[in-house]
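One-letter residues, chain by chain:
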Amino acid sequence: LLKRIDWVTVLLYLALLLIGWIGIYSSTFSETDPSLFNFNTYYGKQGFFITASLIATIFVFAIDASVYEQFSSIFYVICLILLIGLFPFGKTIAGATSWYNLGFFNLQPSEFTKVAVALATAKYVSDIQTDIKKRKDQLYAILILIVPVILVLLQPDAGSAIVFLALSFVLFREGFPLYYLVIALLFALIFITTLIFGTIWVSIGLAIIIALVYLIKKSGQKIPILPVVGIFIVSILFSLSVKLVYNHVFKQHHRDRFSLWLRLEKDPEKLAQIKKDIGYNTYQSEKAIESGGFFGKGFLQGTRTKGDFVPAQHSDYIFTTIGEEWGFMGTAAVILIFTFMLLRLVTLAERQKNTFSRAYGYGVISIIFVHYLINIGMVMGILPTIGIPLPYMSYGGSGLLGFTILLFIFLKLDANRLKEWD
């Protein structure tokens, strides 16, 4: 088995664990109690979580690879039950009822549900009875993703809900019609542009795009007019509904985050107030990264890190510690490690012998990529603030254990592929 494991991915995983732990140690370090083995500190607890995760990899490899496919539906149902159980028995932290209080440890079932949904999605699309080109099978595939999304949104935890939706990329890789993706991107673009420019300008823009399509079409090529008109009308109606949804469905803090992200607020006083309230974390994280310069201030030398300027710097904002203390070189190294890991996983996924392993591999890629993209984009102010951790680096037992199991199940499947070739 040791010969069959993809050690390149394992080494990248270990590198992220080490960098993350150093960041957690630096952001929560206390000169009065510098012991590495004090489990009352965040870095002490994270050290315990890392050890537990490494032990979990042994159990993941010890289980026969076929078990993950055969029992994927059972894993999925168990995780849904755990999500439902949060409503009567869950613990509320920061306004979200997302944890079970186990005394010594808070368990967040949504982190393990990501693994179960990735397995269930892979199992469904690889089933011999599934034809992903049929509407009925497409509906079932969407339901596998939507049910946990609804349960997580009710907690509420919008960040995790977005991650589940990212698994839709698995469906597209396995033959889901691309027009679903085009429609989703179109409506997302209309939503954002309507907030910025208004419905009138969006209508004019759509009309110009349609006109250009007809002008540059090849001679003899026919573009049916009725579907185009239908899409135009639906798009305008959707644009008209954006302000209604934005003002009456979104909560105030959601509107404030969009206002800050898209620069919608024109009143300087209100904008300044939003930056102090909703945008405080982002402002401080940007300043912390900026202050690191090219080479950084050095280990334990971050003034903003020591001063606790950035809230949750050991968890969601761990990237700011790397930016301040290790500068551009440190942040670039983290980005390169994640990029190499994702590219390596794509290579592994594409060489799988069966659909289940390939689909699950793309599920792993989707989950890690969306976490990585949103977290770093949020910290740098490119994307709106969403409570989502950086895989393998942010503090948290459930997150680290869930991400580790997610990755190493795929490495087990890949190792089994090589065994089948022998």
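Residues numbered from 1 in each chain as written. Predicted model: local features only at pLDDT ≥ 70, side-chain atom pairs only at ≥ 80, totals over all residues. Heavy atoms only, no water.

Chemist: Before we move on, could you go through the overall build of the chain and cite the residues and values that matter?
Modeler: The helix and strand tally for the chain stands at 18 helices and 3 strands. For 422 residues, the compact-globule formula gives about 22 Å, and the C-alpha radius of gyration of the chain, at 23 Å, lands near that figure. Along the first, second and third principal axes, the C-alpha atoms of the chain reach 70 × 65 × 45 Å. Of all 422 residues assigned to the chain, the portion counted as buried reaches 47%. Residue pairs in contact within the chain that sit at least 24 positions apart in sequence constitute 71% of those at least 6 positions apart. Carbon and sulfur atoms provide 69% of the accessible area of the chain, an area that totals close to 21,500 Å². Positive and negative charge centroids in the chain, built from 34 and 26 side chains respectively, lie 7 Å apart. (Helix = DSSP H or I, 4+ residues; strand = E, 2+ residues; numbered from the N terminus. Rg over C-alpha atoms; globule rule 2.2 N^0.38 Å. Buried < 20%, exposed > 50% of the residue type's maximum accessible area, 1.4 Å probe, protein only. Contact = heavy atoms within 4.5 Å. Areas by Shrake-Rupley, 256 points an atom, 1.4 Å probe, with all protein chains shown as cover. Lys, Arg positive; Asp, Glu negative; His and termini not counted. Charge placed at Lys NZ, Arg CZ, Asp CG, Glu CD.)

Chemist: Requested: an account of the packing of aromatic side chains, with residues and values cited.
Modeler: Enumeration over the complete set of coordinates arrives at 20 aromatic pairs. Between Phe 299 and Trp 326, the ring centres sit 6.4 Å apart and the planes meet at 20°, which makes this aromatic pair stacked. Residue Phe 299 is located in the loop between α14 (280–291) and α15 (303–306), and its partner Trp 326 is located in helix α16 (residues 318–350); the two are separated by 27 residues in the primary sequence. Of the residues examined, Phe 299 reaches a relative accessible area of 35% and is grouped as partly exposed. For Trp 326, a relative accessible area of 36% translates into the label partly exposed. Here the guanidinium or amino end of Arg 304 rests over the ring plane of Phe 309, the centre of that ring lying 5.4 Å away. (Phe/Tyr/Trp six-rings, centres within 6.5 Å; stacked < 30°, edge-to-face > 60°. Lys NZ or Arg CZ within 6 Å of the ring centre and 35° of its normal.)

Chemist: Would you mind going over a nonpolar patch on the surface in detail, with residue names and values included?
Modeler: A cluster of nonpolar side chains, Ile 196, Phe 197, Ile 200, Trp 201, Ile 204, Ile 208, Leu 212, Leu 215 and Ile 216, forms an exposed patch at the surface whose accessible area comes to about 1,000 Å². When residues in the nonpolar patch are grouped by element, the largest group, 7 residues, is from helix α10 (residues 199–216). When you line up the elements, Ile 216 lands in helix α10. Of the residues examined, Ile 216 reaches a relative accessible area of 68% and is grouped as exposed. (Patch = residues over 30% accessible without salt bridge, like charges linked within 9 Å, V, L, I, M, F, W, Y side chains within 5 Å. Salt bridge = Lys/Arg side-chain N within 4 Å of Asp/Glu carboxyl O.)

Chemist: Which residues make up the nonpolar core, and what values do they have?
Modeler: With 93 residues, the main nonpolar core has Met 341, Leu 345, Tyr 360, Ile 368, Tyr 392, Leu 406 and Leu 407 as its most contacted residues. Every residue in contact with Met 341, bar those within four places of it in the chain, is listed here: Thr 9, Leu 12, Tyr 13, Leu 16, Ile 368, Tyr 392 and Leu 407. Ranked by size, the runner-up nonpolar core spans 6 residues in total, among them Phe 191, Leu 195, Val 242 and Phe 258. (Core = buried A, V, L, I, M, F, W, Y, C linked by side-chain atoms within 4.5 Å.)

Chemist: Hey, could you go over the pattern of salt bridges for me, with residue numbers and the actual values?
Modeler: The final tally for this structure, using the stated rule, is 7 salt bridges. The residue Asp 414 makes a salt bridge to Arg 351 at a minimum N-O spacing of 2.9 Å. Here the residue Asp 414 occupies a position in helix α18 (residues 397–421), and Arg 351 occupies one in the loop between α16 and α17 (355–379), the gap between them amounting to 63 residues. Residue class for Arg 351 comes out partly exposed when judged on its relative accessible area of 29%.

Chemist: Describe in detail the side chain of His 314, supporting the description with residues and values.
Modeler: Here His 314 shows up in the loop between α15 and α16. A relative accessible area of 15% places His 314 in the buried class. Beyond its immediate stretch of four places on either side in the chain, His 314 contacts Ile 24, Ser 27, Thr 28, Tyr 42, Ser 394 and Tyr 395.

Chemist: Pulling in residues and values, what's your account of the sheet that holds strand β2 (residues 96–101)?
Modeler: Across the sheet, 3 strands lie side by side as β1-β2-β3; this open sheet has antiparallel pairing. Of all the strands in the sheet, just β1 (91–93) and β3 (106–107) have a single pairing partner and so form its edges. Where helix α4 (residues 72–89) meets the sheet, its contacts fall on β1 and β2, and the angle it forms with β2 comes to roughly 95°. (Pairing = 2+ DSSP bridges. Axes fitted to C-alpha atoms, helices over the stretch in contact; angles between N-to-C directions.)

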